[in-house]
Structure formats: structure tokens, C-alpha cells
Amino acid sequence: MILFSARNSFTLLTSTSRSYTSATLLHFLQLSAAHRSLRLTKHSHTQILSLGLTQNSFLATKLVTAYAICGHPSRSRLVFDSVEYKNVYLHNSLISGYAKNYAYYEAFDLFNDMCYSNVSPDEFTLATIAKMCGDVKDLNVGSLIHGKIIKIGFNEDVVVANSLMSMYNRCGKFSGTKNLFDEMPQRNAGSWNVLIKGYSNLEDCSLELGLWEIVKCMQIDGVKLDAFTVSSLLSLCGDNDDTAGKWDYGRELHCYIVRNEFDLGLDSDFHLGCCLIDMYSKKSDNLDVGRRVFDQMKRRNVYAWTAMINGYVQNGALDEALVLFCEMQVRDRTEPNKVSLLSVLPACSSLVGLTGGKQIHGFAIRKDLNHDLSLCNALIDMYSKCGSLDSARRVFEDSSFQKDSISWSSMISGYGLHGKGEEAVLLYDKMLSLGAKPDMITVVGVLSACSKSGLINKGLNIYDSVINVYGINLTTEICSCVVDLLGRAGQLDRAFDFIKTMPVEPSPSVWGALVSASVMHGNSEMQELAYRFLIQLEPDNPSNYISLSNVYASSKRWDVVAKVRATMKDRGLRKAPGCSWISIHDRTHCFYVADKAHPHSKSIYEMLDNLVLIMKGAMVDR
DNA sequence: CGTTACCAAT
């Protein structure tokens, strides 16, 4: 749609260019920049040259901006150099163009030239330069610029002061932000937004309680919250179900948006809609509210679609996520971007949707996104979880992306998942020999691969080395792996001692590992003990009660079984029955214990009986 | 006639 309108303007420009004035060309350049169209910018440039308007300061300034926005600051420079009398506008637009393209050295260099020329920097220059100091996190240069600003007397300009505050925020010096804020003669919404940003960056969580107070002060000061304010506050709203005292004014903020008739889905305010969807995605029971926001948006861009898809994936609604991923392309003709692909890939992994995963991989190749690190990592994960270890390895071996510890961890865990402990250890050793450092995720991957493949001593050796050589901090996940390793080796007492002495609080998974090991070695005493701890930690998890009652049932202690079941009933706990599923021809078939609901259930059970017979035969042969 | 800047980021 957007491209279409840009092309229309262009046709108009070429067909009747003779009669066009500099004002019209200025308008076309505005369009070129808005659409980030290098083609249109070049053609406008051609017109300027052929009409002999190269020395027009307005056109030159716009041309510099347009080339920079299209990602070609060197073309901006050529335009800049071709203008004889360079005014402050021209300088400013080139400095800002360099900054937009992360060419900070060139930007500072030009600023320096400017300071020694007859063109003085103005408030626009200084605002840009101050922001740049924040971008490169250089507090020293930032402070110098602050001094220069005071000397020239631009410190009372709201935008300049906002830029300076933002610089202090990004350099981690909130005191600088706060001092400036207090001294400002007048403040706009931007000033408050920077203050809020700096405040919420502070590590000290007790301060978070004061955030709502700041919002109140802002209103008392007569400054209305704008879309920036609301969206940054929304992204601070966490999940309200576990941590008490967490900042949660999501609903209030949503009300504010509705009362003040903020537009969702109108160019600059897409962001607001996305933040609302995100906020509701983090509140587990409110995903449908997020969906309502999504449906009510007047228009949706790729960010909005991605936010909604991500919400579904985060909340385990994987089918909906995939449906939406298709809808975004079919119904809305919105092309997914890298983040969209990253959001849906886990849905493929969990649903074992190899076909869908391959399609996404294919799409990524067509869009030349397949050399992106995070996408490659997600692909490795998807392929190994979908059973295609070879494809995972092929992505892993692709030399066109720079592997990080996540790439190694995903591949190592993949081997572990497929019971290939030897390969996992081999790859882990290769990683170390290449000088890459393992992190706690890698360690969990290789240790669990060792347990699953029975490489107990190897696993324990690796554990010792990561603690002593690599100084890895222990996590409950790593501890679970160690308990699992010791437990599988039949050293239940040693495993129990480890739990008692380990430096982190044992999590349910740690006790769970001890339970499995006790079951494996028929130690019902240890099993019962571990379950008791498990129930204490997770009094609301029905699985624990079921398993505990199974322990007693196996030793025929029916009175205790009844007691455990009664406790469960008292607490209103019910265990959702486990099920398995398989996807065939885009349909997912689910099966529960003794399930006869499937239309082909008779032939399925016949096949199953046959398979059991064949397996029993194979056992006898051995 | 008209040009350049700050605050958030899926």
C-alpha cells in the first residue's frame, strides 16, 4: 500500500517535472524520506541537479536527511560538500544523519569542524550531540558538552535539557538526570519521560514504589501523559501473580488510554497497542484482553502481529500462535520480520511441527535472514526438538554466522535430547578447545546429556571442572543435574548429602531428581522423604500427590494412599490427565490413557497390540 | 514559501 502511493508521486514527478518548483521537490524529498526510498531520493536528486538547484539550502538539507534515512550517509556527505555556503541547517542534518547511521566518529568530527568554523552550533546541534554521547555512553564527553551548553546558554531549552538528561541516564548517572530535572525552568512530557526512564532503570527495587508518585506529580505539574509515557509505564508492568509489590498499574493505564481516546494502530501509536498486548500477555489470565486490544486496533503492523503471536507462544497457546502467523500474511498481507520468525519457531518446536519449522527456515533463506545469530540458534533448537538432529547440525555448521554460547548450548542439548551423550561431550570438549567459555546453560546441557546416556563419571568430572576451572555459579538446574548423576550411579546418600550442603535453595526439580533416582534403585524410604520435601515446596502441584500415593500403593499401604488422596481433595487439587499427540497432515491427534475417542481407535489399538507382540518377540530372541 | 533536534522500541 505504502509503496504504491510513493510510486504514484514519482510518476507524477517524472512526467511533468519541467513545471516543478523547489517547493514541490521539497515535498517529494519529504516523501522519499518518509518511505525510506533510495530510488525516489536519487530521482529527486537528479531533478535538483538538472534544474540547477544544487545551491538551494532547503533542498540540500532535505536531501542530506533523505539519504541518511535511506542508510547512505556517504551520499549525504557528497551533497554536503557540494554546497558552497553551508549554514547551520545543513550541518545539523548531516550530524544527525551520521548519528542515525551509527557513524559517531564522523558526527563528532563534523561537530568539531563546526566549532572552529564561522557557523556556530545551535540548540538543534547540541541536542543531537548530547544524545550521541548517551548512545556511545561517554560520560566524559557528555559532561564537556553539558559545560559547553551552559556556557552558550542553551541549558534552558527543554529539548536540549531532555537530551542531556537522557545522556546521563544512558551513562548510568541518574543523579545527573535528577539534578538537571530539578533545575529546569519548564518541563514538557519528554522531560518527565526521561526522568521516569532513569528512575525505572535503577537497580534498587524499593524505589519502584515511588514511580506512581512521579506520575501523579507529573499530572499535578499540569503535564499530560503522552503515548511515550504510557507505553514506557506499560512495559514496566510485570506479572502480578507471584511477586507481591511488583509494579502493576496495567489496567489503570489501559483506562487512561481509553479515557483520553489515544489511537491504537495509527502510525506513531502502533507502539502503544503493542505495549498493551505485551502487558496483558504477561498477566497469565488476561491474554484474551490482549487479543481484544489487538482486534480493536484500527490497523495492525508487523510489530502488532508479532506482539500478539508472542503473547500466545508465551502462554502456551501454540495453535493460536501458528494460526495468527498464517493470518497475518494471508489476511493482512503483512510480511513477517526476523522477530516474528523468532516468536513462532518455539511453537513449532513444542508442537513438533517439523514441516512448519522447515517452511520458516525456507522463508528465512529467501529473506536472507538465515545468517542471523539468534535465528540460527532458534532453528538449531527447533530442528533438534522436532527430531531432525542432522538438520540442526547443518545449521550449526553454517560458517556464515558467528556462533555464541547459545549456539553451542542448543546443539549440545540437542544431542542430549536424542540420547547421544558421547557426541554431546565431544562437542562440549570442542567448544572448550576453541576457547569458548561455557555458561550455566551449556553446563546443564552437557550434564543432562551425560545423565541420559549413563556417562556418570564423565558428567561428575565435567561438574568438578566447571566449578573449579571456569568458576561457574551454581544454579538449581545444575544442582538437579548433579543429583541426577549421583542418583543414577546409585549413590543416593551422597546425592542427599549434596542437597543438604549445596549453596542454593533446593528447587522442586532437585527433589524430583532424587525421587526418580530412588524409584530407579528401589529405595522407597528415600523416595518418600524426597516427596515430602517436594510437597512442602509445591503444595498445589497435584502431580506430587499422585506420585506419592503411587509410592504407597506399590507397597500396598492403602490407608496412607487414601489419606494422601483426601488431602488432595481438601485442597481442591485435580490432576489433569497426561496425553500424547502426533501431527499428521496438519491435524493434531491427542491420546489420553485408555482413550477410545479417536475415530480410528479400533485399528490403532490393533496395531499397538501387534507392535507389543513384535517387541516381546524381540526380547525373547535376545 | 520551506530545512535541522529530545523522550519508548515488538
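Just so it is clear, the structure is predicted and the values come from calculations on it, not from any experiment.

### What to know about the overall build of chain A
Phase 1: The number of helices and strands found in chain A is 34 helices and two strands.
Phase 2: Counting only C-alpha atoms, chain A reaches 95 × 55 × 55 Å along its principal axes.
Phase 3: Buried positions account for 44% of the 622 residues belonging to chain A.
Phase 4: Total accessible area on chain A stands at roughly 33700 Å², and carbon and sulfur atoms take up 55% of it.
Phase 5: Mean positive and mean negative side-chain charge positions of chain A (63 and 65 charges, respectively) differ by 4 Å.

### Brief notes about unusual backbone geometry
Phase 1: For Glu261, which is not glycine, the phi dihedral falls at a positive 50 degrees.
Phase 2: Position of Glu261 among the secondary structure elements: in the loop between helix 15 (250-259) and helix 16 (270-282).
Phase 3: Positioned with a positive phi, Arg333 is a non-glycine residue whose angle comes to about 50 degrees.
Phase 4: Examined against the element boundaries, Arg333 turns out to sit in the loop between helix 19 (318-330) and helix 20 (338-351).

### Examining the protein's contact with DNA strand B
Phase 1: Near DNA strand B lie 31 residues; those nearest to it are Lys62, Tyr89, Asn92, Phe124 and Tyr303.
Phase 2: Among atoms of DNA strand B positioned within 4 Å of the protein, sugar and phosphate together represent 35%.
Phase 3: Here a base oxygen of DNA strand B sits 2.8 Å away from a polar atom, N or O, in the side chain of Asn193.
Phase 4: Asp278 is positioned such that a nitrogen or oxygen atom in its side chain is 3.1 Å from a sugar or linking oxygen of DNA strand B.
Phase 5: A class-by-class count of the residues in the surface near DNA strand B yields ten nonpolar, 15 polar and six charged.

### Let's talk about the pattern of salt bridges
Phase 1: Applying the stated criterion across every chain yields a total of 16 salt bridges.
Phase 2: The salt bridge involving Asp135 is made with Lys131; its shortest N-O contact spans 4.0 Å. Taken together, the positions of Asp135 and Lys131, both in helix 8 (residues 123-135) and four residues apart, correspond to about one turn of that helix.
Phase 3: When its relative accessible area of 46% is taken as the criterion, Lys131 is described as partly exposed.
Phase 4: One salt bridge in this structure joins Asp484 and Arg488, with 3.0 Å as the shortest N-O distance. Linking Asp484 with Arg488, this pair stays in helix 28 (residues 476-488), spanning four residues, or about one helical turn.
Phase 5: Asp484 gets classed as buried once you look at its relative accessible area, which sits at 16%.

### Concerning helix 20
Phase 1: Over its 14 residues, helix 20 extends 21 Å from the first C-alpha to the last, a length consistent with the 20 Å expected when each residue adds 1.5 Å.
Phase 2: Taken together, the buried positions of helix 20 are Ser340, Leu341, Ser343, Val344, Leu345, Ala347, Cys348, Ser349 and Leu351.
Phase 3: Looking at where helix 20 begins, the residue whose side-chain oxygen comes 3.1 Å from the main-chain nitrogen of Val339 is Asn337.

### Structural notes on the UniProt feature "repeat: PPR" (unreviewed entry) in chain A
Phase 1: Under the UniProt annotation, "repeat: PPR" (unreviewed entry) lies at residues 87-121, 157-191, 301-335 and 404-438.
Phase 2: In the segment residues 157-191, helix accounts for 74% and strand for 0%; the C-alpha atoms at its two ends are 11 Å apart.
Phase 3: Measuring from the first to the last C-alpha atom of residues 404-438 gives 10 Å, for a span that is 74% helix and 0% strand.

### Let's talk about the nonpolar core
Phase 1: In this structure, Leu234 and Leu514 are the most contacted members of the largest nonpolar core, which totals 174 residues.
Phase 2: Residue contacts for Leu234: discarding those within four places in its chain leaves Gly250, Leu253, Ile257, Leu272, Cys275, Leu276 and Met279.

### Looking at the packing of helix 28 against helix 30 (residues 508-520)
Phase 1: Viewed as axis vectors pointing N to C, helix 28 and helix 30 meet at an angle of 10 degrees, and their least axial separation amounts to 8 Å. The orientation of helix 28 relative to helix 30 falls into the category roughly parallel. Of helix 30, the residues touching helix 28 (which contributes Thr476, Cys479, Ser480, Val483, Asp484, Gly487 and Arg488) are Ser509, Val510, Ala513, Leu514, Ala517 and Met520.

Rules of the game
Residues numbered from 1 in each chain as written. Chains lettered and ligands numbered in written order. Predicted model: local features only at pLDDT ≥ 70, side-chain atom pairs only at ≥ 80, totals over all residues. Heavy atoms only, no water. Helix = DSSP H or I, 4+ residues; strand = E, 2+ residues; numbered from the N terminus. Buried < 20%, exposed > 50% of the residue type's maximum accessible area, 1.4 Å probe, protein only. Areas by Shrake-Rupley, 256 points an atom, 1.4 Å probe, with all protein chains shown as cover. Lys, Arg positive; Asp, Glu negative; His and termini not counted. Charge placed at Lys NZ, Arg CZ, Asp CG, Glu CD. Near = heavy atom within 4 Å. Polar contact = N/O pair within 3.5 Å; in protein donor to acceptor, adjacent residues only side chain to side chain. Nonpolar A, V, L, I, M, F, W, Y, C, P; charged D, E, K, R; others polar. Salt bridge = Lys/Arg side-chain N within 4 Å of Asp/Glu carboxyl O. Expected span 1.5 Å × (residues − 1). UniProt positions renumbered as here; feature names shortened; annotations may be inferred. Core = buried A, V, L, I, M, F, W, Y, C linked by side-chain atoms within 4.5 Å. Contact = heavy atoms within 4.5 Å. Axes fitted to C-alpha atoms, helices over the stretch in contact; angles between N-to-C directions. Parallel < 35°, antiparallel > 145°, perpendicular 65-115°, else oblique.

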